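Secondary and tertiary structure notes
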Amino acid sequence: MGYSSEIYAAANKAMEQRRLLAEEELDQRRALLYRQVPRVQEIERELVNISVAAGKAVLMGADKTVQLKRLRDESLTLQKELADILAGRSLPAAYLEPWYHCKHCKDTGNVDGRMCDCMKHLIRQTAYEELNRISPLSLCSFESFSADYYPDEQLPMRERTIRDYMQGVLRFCRQYADAFDEYAQGLIFMGGTGLGKTHLSLSIAQTVIERGFGVIYVSAPNILSRLETKQFSGRSSERNEDEQLLQECDLLIVDDLGTEFVTKFTQAALYNILNTRLNSGKPVIISTNLSTKEMEQTYGGRLVSRIVGMLKRIDFYGNDIRQMKRVKNRTTN
Ligand SMILES: [Zn+2]
C-alpha cells in the first residue's frame, strides 16, 4: 500500500539513524579496545597499508602475482593475530565490524535494489506512530492504576465489592496484554465517565507496543474528524491510507466511542473499519460511555450486534475517579 511522502521521509531518517548509531558504537568499541590492546591499532593500520599496496600493485601492472601473494599472506597472518586477540578476550569475531540492526540490508533499507523487509516494517511503524501522536499514549500504566478509588460497596447483583471487582478487571487486562497476539479476542469496555476505561486501555496499548506489536490508539472523535476532514478537503487518498492502517494494525483501540459528532460519513467510516477488522478476526478494543441501546440508536443494530457478539464485554463500575482525584488533590494541597 502507499503512504504519504512524510511517512517515507521519516522512515528514511530513522533508518539512517540506525546506520549512524551502529557506526558510532563501532567507533566507541574500537577506541576502547585500542586503549586496552594497542597492538590492535597497529594491526588495523598495517591491514590498511597492505590493501593500499595491493591496489597500487594491480595498477602498476608489473609482475604482480608474486607481490600480491606476499601481501595476501601478510594480511591473513595479521587477521589471524587479530582474531586470536578478540577470542582471547572472549569478544565476538565481529567485534570490529558495525553491528547493524538488520544483517540483510546493513541498515540501508535496500537489498539488491529492492526494499528490505525491515524497511517495510519501519514504514508501517512510523505510520502507526503518526496516528498515535494525536493520543495521550505513554501517560498511563498498570502500575499507576489504583483500585483504592473504587467504592467498597456491594456490586449490584453480585457478592463482591466494586473495589474487589475492579481489582479483577485490572488483573484481567494485565493478563490480556501479556498474552496478546494477533488472534486475541477483542474487548469492549462499558461504563460511565471517569471509571478507568481510558487508563486501562492505554495501559494495554503500552504493554502490547512494548511487546513489539503494531498498535494504533485513537479517540473516536479525533480519528473520525480527521478522516472526515481529509475526505472533504480533497485528500481522500490520505483518508484511504489512514483507514487501511486502522484496518491492518495488530491491535486497534478506539477510545470514547459515542462522544464524536455523528454524521453519515463517520457512521460509514466506523462501520467500514470495525467490520473489516471483525471479518478478518483482528482484535479491537472499544471503550464507550454508551449503553447497548444507545449504541444501537447511534450506529444501528447491524454493527452493534456484531460488536456485542464478537467482543468480550467488560463493565466498569464506581464513581467518577477523575472527580475524586480532583477533590483529593484539593484537600491535600
Ligand atoms: Zn533490512
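Residues numbered from 1 in each chain as written. Predicted model: local features only at pLDDT ≥ 70, side-chain atom pairs only at ≥ 80, totals over all residues. Heavy atoms only, no water.

The next thing to look at is the overall build of the protein chain. A count of helical and extended segments in the protein chain gives 12 helices and seven strands. What you see for the protein chain is a C-alpha radius of gyration of 29 Å, clearly larger than the 20 Å of a compact globule of 333 residues, by over 25%. Along the first, second and third principal axes, the C-alpha set of the protein chain runs to 95 × 50 × 40 Å. Per-residue burial for the protein chain yields a buried fraction of 41% across its 333 residues. The protein chain carries 45 positive and 44 negative side-chain charges, and their two centres are separated by 1 Å. (Helix = DSSP H or I, 4+ residues; strand = E, 2+ residues; numbered from the N terminus. Rg over C-alpha atoms; globule rule 2.2 N^0.38 Å. Buried < 20%, exposed > 50% of the residue type's maximum accessible area, 1.4 Å probe, protein only. Lys, Arg positive; Asp, Glu negative; His and termini not counted. Charge placed at Lys NZ, Arg CZ, Asp CG, Glu CD.)

The next thing to look at is the packing of aromatic side chains. As enumerated under the stated definition, the model contains eight aromatic pairs in all. Ring centres of Phe180 and Phe213 lie 5.0 Å apart, and the angle between their planes is 85°; on these two criteria the pair is classed as edge-to-face. Here the residue Phe180 occupies a position in the loop between helix H5 (162–179) and strand S3 (187–190), and Phe213 occupies one in the loop between helix H6 (197–210) and strand S4 (215–219), the gap between them amounting to 33 residues. The same class applies to Phe180 and to Phe213, which are both buried. Three or more aromatic residues link up through ring pairs in this structure, and these residues are Phe172, Tyr176, Phe180 and Phe213. Stacked on the ring of Trp99, the Lys or Arg Arg29 has its end atom at 3.6 Å from the ring centre. (Phe/Tyr/Trp six-rings, centres within 6.5 Å; stacked < 30°, edge-to-face > 60°. Lys NZ or Arg CZ within 6 Å of the ring centre and 35° of its normal.)

Every protein donor of the zinc ion is listed here as Cys102 (SG), Cys105 (SG), Cys116 (SG) and Cys118 (SG), and their distances to the metal cover 2.3 Å. Because the angles between the four donor atoms bound to the zinc ion fall within 100 to 115°, the donor set is best described as tetrahedral. Here Cys118 falls in the buried class, since its relative accessible area comes to 15%. (Donors = N, O, S within 2.8 Å, 3.2 Å for Na, K, Ca; no water. Tetrahedral: all angles 85-135°; square planar, octahedral: opposite > 155°, others 65-115°.)

Once that is clear, we can look at the domain arrangement of the protein chain. Taken domain by domain, the protein chain consists of domain 1 (5–118) and domain 2 (134–332). Measuring from the centre of the C-alpha atoms in domain 1 to the corresponding centre in domain 2 gives 49 Å. (Domains from an automatic or database assignment.)

A separate point is the pattern of salt bridges. According to the stated counting rule, one finds 16 salt bridges in the structure shown. Between Asp117 and Lys120 there is a salt bridge; the shortest N-O distance is 3.7 Å. Here the residue Asp117 and the residue Lys120 both occupy positions in helix H4 (residues 117–132), the gap between them amounting to three residues, near one helical turn. A relative accessible area of 59% places Asp117 in the exposed class. The partner of Lys230 in a salt bridge is Glu238, and the shortest N-O contact between them spans 3.5 Å. On the accessibility criterion, Lys230 (9% relative accessible area) is buried. The partly exposed category is assigned to Glu238, whose relative accessible area is 25%. (Salt bridge = Lys/Arg side-chain N within 4 Å of Asp/Glu carboxyl O.)

Attention now goes to unusual backbone geometry. One non-glycine residue with positive phi stands out, namely Ser90, at about 55°. Looking at the element boundaries, Ser90 is found in the loop between helix H3 (64–88) and strand S1 (110–111). Accessibility expressed as a relative area gives 67% for Ser90, which makes it exposed. Of note in the backbone geometry, Asp112 takes a positive phi value of approximately 50° without being a glycine.

In helix packing, the relevant descriptors are the interaxial angle and the interaxial distance, both defined with respect to the helix axes. Where helix H1 (residues 5–36) meets H4, the axes come as close as 9 Å, and the angle between the chain directions of the two elements is 120°. The angle between the axes of H1 and H4 places the two elements in the oblique class. At the point where H1 passes H4, the crossing takes the right-handed sense. Of the residues in H4, those in contact with Ile7, Tyr8, Ala10, Ala11, Asn12, Ala14, Met15 and Arg18 of H1 are Cys118, Met119, Leu122, Ile123, Thr126, Ala127 and Glu130. A class-by-class count of the residues in the contact of H1 with H4 yields 11 nonpolar, two polar and two charged. (Axes fitted to C-alpha atoms, helices over the stretch in contact; angles between N-to-C directions. Parallel < 35°, antiparallel > 145°, perpendicular 65-115°, else oblique. Left-handed = near helix turned anticlockwise from the far one by under 90°. Contact = heavy atoms within 4.5 Å. Nonpolar A, V, L, I, M, F, W, Y, C, P; charged D, E, K, R; others polar.)

Here we come to the pairing of S3. Looking down a regular strand, the side chains alternate between one sheet face and the other. The alternating pattern of S3 places Leu187 and Phe189 on one face and Ile188 and Met190 on the opposite face, and all of these are buried. Where S3 and strand S6 (residues 284–288) come together, four bridges link them in parallel fashion. Note on S6: the bridge partner recorded for Met190 is Thr288. (Pairing = 2+ DSSP bridges.)

Attention now goes to the packing of helix H10 (residues 292–299) against helix H11 (residues 301–310). For the pair H10 and H11, interaxial distance at closest approach is 7 Å and the crossing angle is 140°. Relative to H11, H10 is oriented oblique. The segment H10 lies against H11, with Thr292, Met295, Glu296 and Tyr299 engaging Gly301, Leu303, Val304 and Val308.

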